[in-house]
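Residue-level listing of the chains:
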Amino acid sequence: MTVPFIDLKTQYKVLKTSIDTRIQAVLEHGAYINGPEVVELEKVLADFVGVKHCLTIANGTDALFVPLMAMGIGDGDEVITTAFSFIATAEVIMLAGAKPVYVDIDPRTYNIDATKIEAAITPKTKAIMPVSLYGQIPDMDAINAIAKKHNLKVIEDAAQSFGAQYKGKRSCSMTDAAGTSFFPAKPLGCYGDGGAIFTNDSNLYKVMKEIREHGSEVRYYHTRLGLNARLDTIQCAVLLAKMERYNWELEQRERVAARYTDAFVKINAPGFSVTTLESHNHSAWAQYTLAVSNRADFQKKLQEAGVPTSIHYPRIMPDQPFYQKTADPNVDLSKSRWAADHVISIPLYPDMDEATQDKVIAAVTAASK
Ligand SMILES: *Cc1c(COP(=O)(O)O)cnc(C)c1O
């Protein structure tokens, strides 16, 4: 039997009563846009993260784009980010009209190498957008210190890290703004597209809320350029139900990841490595990612053993056809390119039983030989 890459059906079965009840309530009260569940969820999420404001939003991409818009970052500006991420990170910088400036990664964690950020700063730099890739937060103290020194904004791309911690602080709580995604396959997912923005800055929050509503505070009176970027009430109802056991899910993800790591650190094959989890971090384990020397062969062996895999991501952002024009050929992105050629993610989800974990462990161990 093939192992699922993620299992959302079991999660639904467990939470069915709560999810169904909450969806039914929305169907009956009829406030499908800006209903009471939207505000209720924003309060739950803000409290969970430990920030003043949460703004639910249509998707994770808008959760990054709206803060850029609200901060007035655009034409002629530069935003520093990692070279190795899902394309949405560079996409929102381009959509804003700014230029993405790519920095190489630390190949142990796959996150932006904070020691290389300062060299990328120019008089045009307005912000840093670090990505908490695979669920692990990068060196936020170092990033915030650089931002403070150079008067830059920091926006965390927390699409993969909702619930993660860095030195006891939650992802989405340490930067001027942070955006997460509730795409179904993310650690906290709804049943469609969704996202949320977090900030402690009340003025920024107000501006972002207006942008979410076509640039208006009062209906049919538009004071700024905006979007239609609201999150549906039904999706908020689903997320309220899913938050009921989210702490358990995060613990369960950590438990599975720890079992994997315990088994995989014993594998002594050339080119094989696990992702380093910094001791001050709790990852949300959006992905459990390995590096292997012969990826095509490794992937085929796992597939034959009934273990699906996925590659996040096979090409760095500045090497994507549309984005090549944004790349500076003089910047060394060799670690990012190495990662794009060698990473592979294996199944991990909260409802994974130990027998399934053991099957994955056995398949990985055999395939790495
Ligand atoms: C998923 C993801 C996004 C975009 O989120 P969507 O909800 O799909 O728009 C942005 N950045 C990263 C790193 C992601 O993984």
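In this text the structure is predicted, and so the values were computed from the model without any measurement.

Caption draft 1: Representation of the sheet that holds strand β7 (residues 169-170) within the structure. As summarised here, the arrangement of the three strands in space is β7-β6-β13, forming an open sheet in which the pairing is antiparallel. This sheet does not close on itself; its edge strands, each paired only once, are β7 and β13 (281-282). Pairing of strand β6 (residues 165-166) with β13, which is carried by two bridges, proceeds in the antiparallel orientation. For Y166, the partnering residue across the bridge sits in β13 and is N281.

Caption draft 2: The arrangement of the pattern of salt bridges in detail. Scanning the entire structure with this criterion turns up 23 salt bridges. A salt bridge links K43 to D47; its shortest N-O distance comes to 2.6 Å. Pair noted here: K43 and D47 are both in helix α2 (residues 36-49), with a separation of four residues, about one helical turn. Residue D47 is classed as partly exposed on the basis of its relative accessible area of 49%. One network of salt bridges, with partners in common, ties together K206, E210, E217 and R224.

Caption draft 3: Spatial organisation of the site of the ligand. Near the ligand lie 15 residues; those nearest to it are G60, T61, Q160, S181 and K186. Within the contact set of the ligand, a nitrogen atom lies 2.8 Å away from a side-chain nitrogen or oxygen of D157. Expressed as a share of its isolated accessible area of 380 Å², the protein-covered part of the ligand is 92%. Elements represented by at least two residues in the shell around the ligand include exactly α3 (60-70) and α4 (88-95). In terms of residue class, the shell around the ligand is built from five nonpolar, eight polar and two charged.

Caption draft 4: Spatial organisation of a nonpolar patch on the surface. A surface patch of nonpolar side chains, about 280 Å² in accessible area, is lined by L27, Y32 and I33. By secondary structure assignment, the location of L27 is in helix α1 (residues 8-29). Of the residues examined, L27 reaches a relative accessible area of 42% and is grouped as partly exposed.

Caption draft 5: Highlighting empty space enclosed by the protein. A full pass over the atoms with the stated rule returns two cavities of 30 Å³ or more. Along the wall of the largest cavity there are 14 residues; nearest its centre are L8, Q11, P187, R253 and P350. Looking at the lining of the largest cavity, the elements that each hand over two or more residues are α1 and α8 (246-264). Its residues assigned to classes, the lining of the largest cavity shows seven nonpolar, two polar and five charged. In this model, the second largest cavity occupies a volume close to 60 Å³. In this structure, the second largest cavity is lined by L133, Y134, G135, Q136, T275, T276, L277, S283, W285, Q287, Y288 and T289. If you count residues domain by domain, the lining of the second largest cavity takes at least three from each of domain 1 (8-243) and domain 2 (246-367).

The rules we used
Counting starts from 1 at the beginning of each chain's written sequence and moves along it residue by residue. Local features are withheld for residues below a pLDDT of 70 in this predicted model, meaning they are given only at 70 or higher, and side-chain atom pairs are given and counted only at 80 or more; totals for whole chains, interfaces and linings count all residues. Hydrogens are left out, water is left out, and the side-chain values use all remaining heavy atoms of the structure. Strand pairing follows a simple DSSP-based rule, namely that at least 2 bridges must link the two strands. Each helix is a run of DSSP H or I of at least 4 residues and each strand a run of E of at least 2, with the numbering of both proceeding from the N terminus. Salt bridge, as used here, is a side-chain nitrogen of Lys or Arg placed within 4 Å of a carboxyl oxygen of Asp or Glu. Accessible area is worked out with a 1.4 Å probe on protein chains only. A residue is then buried under 20% of its type maximum, exposed over 50%, and partly exposed in between. By convention in this text, a residue qualifies as near a molecule or strand provided that one of its non-hydrogen atoms is within 4 Å of it. Distance and chemistry together define a polar contact, namely a pair of N or O atoms within 3.5 Å, with one atom able to donate a hydrogen and the other to accept it when in protein, and with adjacent residues in sequence counting only for side-chain atoms on both sides. The Shrake-Rupley method, run with a 1.4 Å probe sphere, supplies the accessible areas, and residue values consider only the shown protein chains as cover. Residue classes follow a fixed rule: Ala, Val, Leu, Ile, Met, Phe, Trp, Tyr, Cys and Pro count as nonpolar, while Asp, Glu, Lys and Arg count as charged, and any other residue, Gly among them, counts as polar. Like charges are joined within 9 Å and nonpolar side chains (Val, Leu, Ile, Met, Phe, Trp, Tyr) within 5 Å, but only among residues with over 30% relative accessible area and no salt bridge; these make up the patches. Both site types are read off a 1 Å grid over the protein atoms alone. A 1.4 Å probe that fits but cannot get out defines a cavity, while an open set with protein on both sides within 12 Å along at least five of seven lines defines a pocket; lining residues have an atom within 4 Å of a point. Grid points are joined across faces, edges and corners, and a volume is the space filled by probe spheres set on the points. All domain edges in this entry derive from an automatic or database-based domain assignment.

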